[in-house]
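So you can see what is in the structure, the chains are spelled out below.
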Amino acid sequence: MDYVIYIIPQMIAGIGVSLNIFVLTLLFAIPLGFLMALGRLSKIQPIRKAVEFYVWLMRGTPLMLQLFFFYFALPAVGILLSDFNAAIVAFVFNYSAYFCEIFRSGIGAIPKGQYEAAHTLGMSYTQTMRRIILPQVVRIVLPPVSNETITLVKDTSLVYVLAMNDLMRTTRNLVQRDFNMTPFLVAAAFYLFATFILTEIFNRIEKKYSKHVQQ
Amino acid sequence: MADVKVKIRNLKKSYGNLEVIKGIDLDICEGEVIALVGPSGCGKSTFLRCINKLEDVTGGSIVIEGMTLCEEKNGKVHYAPEQEVRKIVSHTGMVFQQFNLFPHMTVLENLIEAPIQVQKRNPQECIVEARELLKKVGLADKENAYPSQLSGGQQQRVAIARGLAMNPGVMLFDEPTSALDPELTVEVLKIMQELAAEKMTMVVVTHEMGFARDVASKVIFIDEGIIKEQGDPHEVFGNPKSERLRQFLKVLLK
């Protein structure tokens, strides 16, 4: 127990890095994914095709490869990113592709009749999206978004390969230094705790947006 | 001559090479209840949906309450600018076969949404008016219910009230009872009959020949994209001139 208390401050520093990546990724990837979903549903074919290509590229290559690319390959063309920035860029690019597909399927699940009803009531595109379509989309996309968010918690550990001192690397360093396996357990507890909190948050939001659905 | 609410001239609609509506002229006058009947695929729903631009016409002109929605110039159809279109369209109320209520809003919220958001009216005033309308369609006790908690007939009555909440000049009904069983059909038709008695201008696409005969002031029989026969319901149904209408009625009234 004393050992656990002794390592916790160092692990918290690692959590700070992981949490930073997590929050920043969500902050950028969700709006970006949403905009791309609109592009994916656009009537303008070049926009649609471009987004399709982007999604294919980002979902079709490993996130680790993307991390390597932004950190090690971009300097070759004169773009130098710090390890943290490279990580954020890679995560945002990767996750926005997944969010794009989630939002696209959510928007696609709303019946045409909803748009038609809004049209006959004289509502504009913005009003229709904001007041009619999106509130219904939120309910549909919450479970997959929650899934993706929980995956992100654990994917942050991939920045290990850029030698960033996130929770995972800190843990590994402690294990090697002290020759004690306990940090692994503590790290697992942290990841589980984060997942627990997220699950709770999403359950609440889901309840809020499902009150119109008959139980 | 009563006030003309909607003036339609030479309306045409094609999907690619397939011409669904081949030139329809129609004046919808104030207080008229027009029943559009005809075999499935004859274009009657498409025609109705052209009036509020759920479908873009490929020819002809539509004028609603003096405002030009679209007109044909040199063989090309020109629609009014988008903002203008929204304003014109909101002068028509639409009731769909599948109700299309907003499922995430309560009954009351469904009714006041467009008056507040589109017409920018005072919310308190809208609520008072919406409650009046709910009373009229017999659902005063359901204002806080969600659509999923209502029967099909109740949902359709809410949809009618939602259309009326915009104070439209004309109400369009696209097979309003086709998704309902006979018992629920009756309650919806009763509301429509009451509206007709109040001299609401209505255009109804329907398979309910009883309604067309007893409530409509004019029946229009559409077949193969044109108006084949029109006139007083008793005249049209009692003394059909075309073989096509005779056949159609024979099958329906059997």
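First, a word on what this report is: a plain description of the structure on this page. (Residues numbered from 1 in each chain as written. Chains lettered and ligands numbered in written order. Predicted model: local features only at pLDDT ≥ 70, side-chain atom pairs only at ≥ 80, totals over all residues. Heavy atoms only, no water.)

1. Re the side chain of Arg162 of chain B
Logical step 1: Locating Arg162 of chain B in the fold gives a position in helix α5 (residues 152–164).
Logical step 2: Despite its burial, Arg162 of chain B remains without a salt bridge, the nearest opposite charge being carried by Glu113 of chain B at 9.4 Å.
Logical step 3: A distance of 2.9 Å separates a polar atom in the side chain of Arg162 of chain B from the backbone oxygen of Asn100 of chain B.
Logical step 4: If sequence neighbours within four positions are ignored, Arg162 of chain B has contacts with Ala117 and Leu121 of chain A together with Phe99, Asn100, Leu101, Phe102, Asn110 and Leu111 of chain B. (Helix = DSSP H or I, 4+ residues; strand = E, 2+ residues; numbered from the N terminus. Buried < 20%, exposed > 50% of the residue type's maximum accessible area, 1.4 Å probe, protein only. Lys, Arg positive; Asp, Glu negative; His and termini not counted. Salt bridge = Lys/Arg side-chain N within 4 Å of Asp/Glu carboxyl O. Polar contact = N/O pair within 3.5 Å; in protein donor to acceptor, adjacent residues only side chain to side chain. Contact = heavy atoms within 4.5 Å.)

2. Here's the deal with the interface of chain B and chain A
Logical step 1: Taken together, the 26 residues of chain B in the interface contact 22 residues of chain A.
Logical step 2: Buried surface at the junction of chain B and chain A, both sides included, amounts to about 2200 Å², of which 58% is carbon and sulfur.
Logical step 3: Considering only the surface of chain B that becomes buried against chain A, Arg86, Phe102 and His104 of chain B emerge as the three largest contributors, covering 24% of it.
Logical step 4: When the shortest N-O distance is used, the salt bridge between Glu113 of chain B and Arg131 of chain A registers 2.7 Å.
Logical step 5: Run the count over chain B and chain A and you get nine residue pairs in polar contact (both at pLDDT 80 or more).
Logical step 6: Of all elements in the fold, only α2 (82–89), β7 (92–95) and α3 (107–117) of chain B reach the threshold of two or more residues within the side of chain B that touches chain A.
Logical step 7: Top contributing element to the side of chain B that touches chain A by residue count: α3 of chain B, with three residues. (Buried area = accessible area lost by both parts, 1.4 Å probe.)

3. Points about the sheet that holds strand β1 (residues 4–15) of chain B
Residue and element names in this part refer to chain B.
Logical step 1: If you walk across this open sheet you meet the five strands as β2-β1-β4-β5-β6, and the pairing is antiparallel. The strands lining the two open edges of the sheet, one partner per strand, are β2 (18–29) and β6 (76–79). Recorded for the sheet is a direction-independent mean angle of 15 degrees between the axes of neighbouring strands.
Logical step 2: Helix-sheet contacts for helix α1 (residues 44–51) involve β1, β2, β4 (59–64) and β5 (67–73), and the interaxial angle to β1 is about 120 degrees.
Logical step 3: Each of β4 and β5 touches α2; the most contacted strand, β5, lies at about 120 degrees to it. (Pairing = 2+ DSSP bridges. Axes fitted to C-alpha atoms, helices over the stretch in contact; angles between N-to-C directions.)

4. Looking at empty space enclosed by the protein
Residue and element names in this part refer to chain B.
Logical step 1: Counted by the stated rule, this structure contains one cavity of 30 Å³ or more.
Logical step 2: Leu111, Ile112, Pro115, Arg121, Cys126, Glu129, Ala130 and Ala165 together form the lining of the largest cavity.
Logical step 3: When residues of the lining of the largest cavity are traced back to their parent elements, those giving at least two are α3 and α4 (123–136).
Logical step 4: Per-class residue counts for the lining of the largest cavity are six nonpolar, no polar and two charged. (1 Å grid on protein atoms, 1.4 Å probe; cavity = no way out; pocket = protein on both sides within 12 Å on 5 of 7 lines; lining within 4 Å. Points joined across faces, edges and corners; volume = space filled by probe spheres on them. Nonpolar A, V, L, I, M, F, W, Y, C, P; charged D, E, K, R; others polar.)

5. A short note on helix α7 (residues 167–178) of chain A
Residues and elements named next belong to chain A.
Logical step 1: The terminal C-alpha atoms of α7, which comprises twelve residues, lie 16 Å apart, in line with the 16 Å expected from a rise of 1.5 Å per residue.
Logical step 2: Among the structural elements, α1 (2–40) and α8 (182–209) are those in contact with the buried residues of α7.
Logical step 3: Once α7 finishes, Phe179 follows within two positions and takes phi at roughly 50 degrees, a positive value. (Expected span 1.5 Å × (residues − 1).)

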